[in-house]
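Chains, contacts and geometry: an overview
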There are 2 protein chains.
Amino acid sequence: MKADRKWSAPPSELLVPFDGSFRVADAPTRPPGPVDKADLKKRQREHTRTIYDLQRKLYADDRFAALFVFQALDAGGKDGTIRNVFTGVNPAGFQVSSFKAPSDEELDHDFLWRIARRLPERGRIGVFNRSHYEEVLVVRVHPEFLERQRLPRYELDAIWAERYESIRTFEKHLADNGTIIVKFFLNVSLAQQKHRFLRRIDKPSKNWKFNSGDVRERKRWPEYMRAFEDALNETSRPWAPWYAIPADSKPYMRLQVARIVRETLESLGVDFPEIDDEARAALAKCRAELETQ
Amino acid sequence: MKADRKWSAPPSELLVPFDGSFRVADAPTRPPGPVDKADLKKRQREHTRTIYDLQRKLYADDRFAALFVFQALDAGGKDGTIRNVFTGVNPAGFQVSSFKAPSDEELDHDFLWRIARRLPERGRIGVFNRSHYEEVLVVRVHPEFLERQRLPRYELDAIWAERYESIRTFEKHLADNGTIIVKFFLNVSLAQQKHRFLRRIDKPSKNWKFNSGDVRERKRWPEYMRAFEDALNETSRPWAPWYAIPADSKPYMRLQVARIVRETLESLGVDFPEIDDEARAALAKCRAELETQ
């Protein structure tokens, strides 16, 4: 049974509902109970091995592309989760794009332009480390960034709704054309972020990752949480779902992400294509020719 | 001790010399003695783990990009070698580009244009599955492909020397600017290619990889070998070396490639950057601010 191009998200308790009822204050940042780190890590690696197998079928099947988007506040665990979940997949057929502050050239286009250029090709898996959602998260908390974008005109109380609509219709179009989009909000607590920042300061090999501006942004925490809540409610849809992942335990977070990636790929029903009778006859002819060489 | 930006290839018996003395007829396609497959695979995996560690330093160090180019005849083992050597590296910071027959848009540019667009960024590892070398390999064996390229004028006995020069100066420029280029010729024998084609025909899960045109190309074997010999002699240089890898044994080939990739990255002397006193003072200030939050 092959899945249709019209795919929709497998159920999960971490799935952000499609009816706008997600409340970030009620979303857990911690695992439901005590965790056995070694066991979580082992189960995550099993999922990664299965992802490797599914990836080969995704490539041979050549009907879908799969895009996994990661958004989080600083020290939420994006880099480490991407590294851990996807180290072990075949890097041919896989691409990670990191989106930083837009360049002058990128600002001379609409905000989806640079995103569209990095979409995975059919048969491939793509990962976005940050994404077009920065435009309704950090830019919403810092509307002064809009000045650099030189929009023709905008009203601050209307622009976010416009952007949600742009994103929804963009993602619907991609889903209709075979690109599956699954989005992860790595939901870390204020206290755990502080803990991770202190480690970056105290561990010399992590110093280069630390940016002092990150400490200042902690004062905006409630505004960021509101921006996340609105963005997730406005853009979690069956064809492009959000998952809110408890992120205070790294091994638990990585296991959940690996599981959802695996279940997403499994739900596509991809497999090695079978060749038809005509192709089989051509193969037999080739075989006879080869035997004489 | 940090390496200079001016890097040159570590010595190896598989290195194609820089003086034009490479003879493809003398280059081995088989391992020097009997092989223990399990042992070769184990050693290859050890190299891959080390490549993972070196990759993190390459990224943090942020002075070099490393590009590994793979060229071979069909069934030479490019896909499998790339998959085996690099499955286990961090796919963020890694990108594989496969070059197929050029598109109309690509043909409307010089032959290095599409190559330049896929070069790895500083701090990253790039892999080319086929490359600009197709222009002096398959195109040399099939000069009729030149018609599609609509060159202003050319003489068939001068164009290859022009192309070698274009490639040499392009690669020298990249090396001067921090992109290390290491090129692998996977050297498979005519008999082993036949064996692998037969397996693709006889194994249903490999049928989709088989292309009946590949059998016809076997008649051009001597012309391909001449094209490889010339290209390697003309473009193996200390800053952009070629290695001729015996390719009849897959585990042996993969081990050699993994070893050379590892030694290349080791020879760069990359490491996690240390921060200076000023940055250290800023960190201490951040730490104090965080503690009050």
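In case you missed it, the structure is sitting above this.
Residues numbered from 1 in each chain as written. Chains lettered and ligands numbered in written order. Predicted model: local features only at pLDDT ≥ 70, side-chain atom pairs only at ≥ 80, totals over all residues. Heavy atoms only, no water.

As for the overall build of chain A
On a plain count of helices and strands, chain A comes out with 12 helices and 5 strands. Compactness check: chain A gives a C-alpha radius of gyration of 21 Å against a globular reference of 19 Å for 293 residues, within 12% of the reference. Projected onto its principal axes, the C-alpha positions of chain A cover 75 × 50 × 40 Å. The 293 residues of chain A split such that 54% are buried. Across chain A, every contact between residues at least 6 apart in sequence was considered, and the portion connecting residues at least 24 apart equals 83%. Just so you have it, chain A exposes about 14000 Å², and 49% of that area is on carbon and sulfur atoms. Where the 51 positive side-chain charges of chain A centre and where its 45 negative ones centre are 6 Å apart. (Helix = DSSP H or I, 4+ residues; strand = E, 2+ residues; numbered from the N terminus. Rg over C-alpha atoms; globule rule 2.2 N^0.38 Å. Buried < 20%, exposed > 50% of the residue type's maximum accessible area, 1.4 Å probe, protein only. Contact = heavy atoms within 4.5 Å. Areas by Shrake-Rupley, 256 points an atom, 1.4 Å probe, with all protein chains shown as cover. Lys, Arg positive; Asp, Glu negative; His and termini not counted. Charge placed at Lys NZ, Arg CZ, Asp CG, Glu CD.)

Structural notes on the nonpolar core
Residue and element names in this part refer to chain B. F68, F86 and F184 are the most contacted members of the largest nonpolar core, which has 74 residues in total. Here the element with the most residues in this core is helix α10 (residues 221–235); it accounts for 7 residues. Setting aside anything within four residues of it in sequence, one finds F68 in contact with F86, I125, G126, V127, F128, V182, F184, V261, T264 and L265. (Core = buried A, V, L, I, M, F, W, Y, C linked by side-chain atoms within 4.5 Å.)

Remarks on the interface of chain B and chain A
Every contact between the two is made by 38 residues of chain B and, on the other side, 38 residues of chain A. Taking both partners together, chain B and chain A bury about 3900 Å²; carbon and sulfur atoms supply 63% of that area. The largest share of the area that chain B buries against chain A comes from R83, W208 and L290 of chain B, three residues that together contribute 16% of it. Across the chain B-chain A interface, the total number found is 4 salt bridges. Notably, a salt bridge pairs E289 of chain B with K219 of chain A, separated by 3.5 Å at the nearest N-O pair. Applying the counting criterion to the chain B and chain A interface returns 10 residue pairs in polar contact (both at pLDDT 80 or more). The leading source of residues in the side of chain B that touches chain A is helix α12 (residues 277–291) of chain B, at 6 residues. Residues belonging to the side of chain B that touches chain A are distributed by class as follows: 22 nonpolar, 6 polar and 10 charged. (Buried area = accessible area lost by both parts, 1.4 Å probe. Salt bridge = Lys/Arg side-chain N within 4 Å of Asp/Glu carboxyl O. Polar contact = N/O pair within 3.5 Å; in protein donor to acceptor, adjacent residues only side chain to side chain. Nonpolar A, V, L, I, M, F, W, Y, C, P; charged D, E, K, R; others polar.)

Focus on the relation of the copies chain B and chain A
If you rotate chain B by 180° and push it 0.0 Å along the axis, it lands on chain A with an RMSD of 0.0 Å. Here the transformation between the copies is reduced to the relation of a two-fold axis. Among all residues of chain B, the one whose C-alpha sits closest to the rotation axis is G88 of chain B, at a distance of 2.2 Å. In this assembly the copies share their binding face: 100% of the residues contributing to the interface of chain B also contribute to that of chain A. (Least-squares fit on C-alpha atoms with pLDDT ≥ 70 in both.)

Points about helix α7 (residues 159–176) of chain B
All names here are of chain B. End to end, α7 covers 26 Å across 18 residues, agreeing with the expected 26 Å (1.5 Å per residue, within 8%). Elements that come into contact with the buried residues of α7 comprise α4 (113–116), α5 (138–141), α6 (146–149), β4 (179–187) and α10. Looking one or two places after α7, you find G178, whose phi comes out positive at around 100°. (Expected span 1.5 Å × (residues − 1).)

Things to note about the sheet that holds β4 of chain B
Residues and elements named next belong to chain B. With respect to topology, 5 strands assemble into an open sheet ordered β2-β3-β1-β4-β5, the strand pairing being parallel. Two strands close off the open sheet at either side, each with one partner strand: β2 (94–98) and β5 (242–246). Averaged over neighbouring strand pairs, the angle between their axes works out to 20° when direction is ignored. As defined by bridge partners, β4 adjoins β5 across 5 bridges and the pair is classed as parallel. Bridged to N187 within β5 is P246. Strands in contact with helix α2 (residues 78–86) are β1 (65–72), β2, β3 (125–129) and β4; relative to β1, the strand with the most contacts, it is inclined by about 145°. The strands that helix α11 (residues 250–266) touches are β1, β3, β4 and β5; relative to β4, the one it contacts most, it runs at about 165°. (Pairing = 2+ DSSP bridges. Axes fitted to C-alpha atoms, helices over the stretch in contact; angles between N-to-C directions.)

What about the environment of I82 of chain A?
Along the polypeptide, I82 of chain A turns up in helix α2 (residues 78–86). Residue classification places I82 of chain A among the buried positions, given a relative accessible area of 1%. Between the C-alpha atoms of I82 of chain A and R254 of chain A, which are 172 residues apart in sequence, the distance is 8.4 Å. Those residues in contact with I82 of chain A that lie beyond four places of it in its chain are F70, T87, V96, V127 and N129 of chain A together with A92 of chain B.

Quick word on α10 of chain B
Helical periodicity: at 3.6 residues per turn, an α-helix aligns residues three or four positions apart in one direction. Along its 15 residues, α10 of chain B runs 21 Å from first to last C-alpha, staying within 8% of the 21 Å computed at 1.5 Å per residue. Listed in full, the buried residues belonging to α10 of chain B are W221, Y224, M225, A227, F228, E229, A231, L232, N233 and T235 of chain B.

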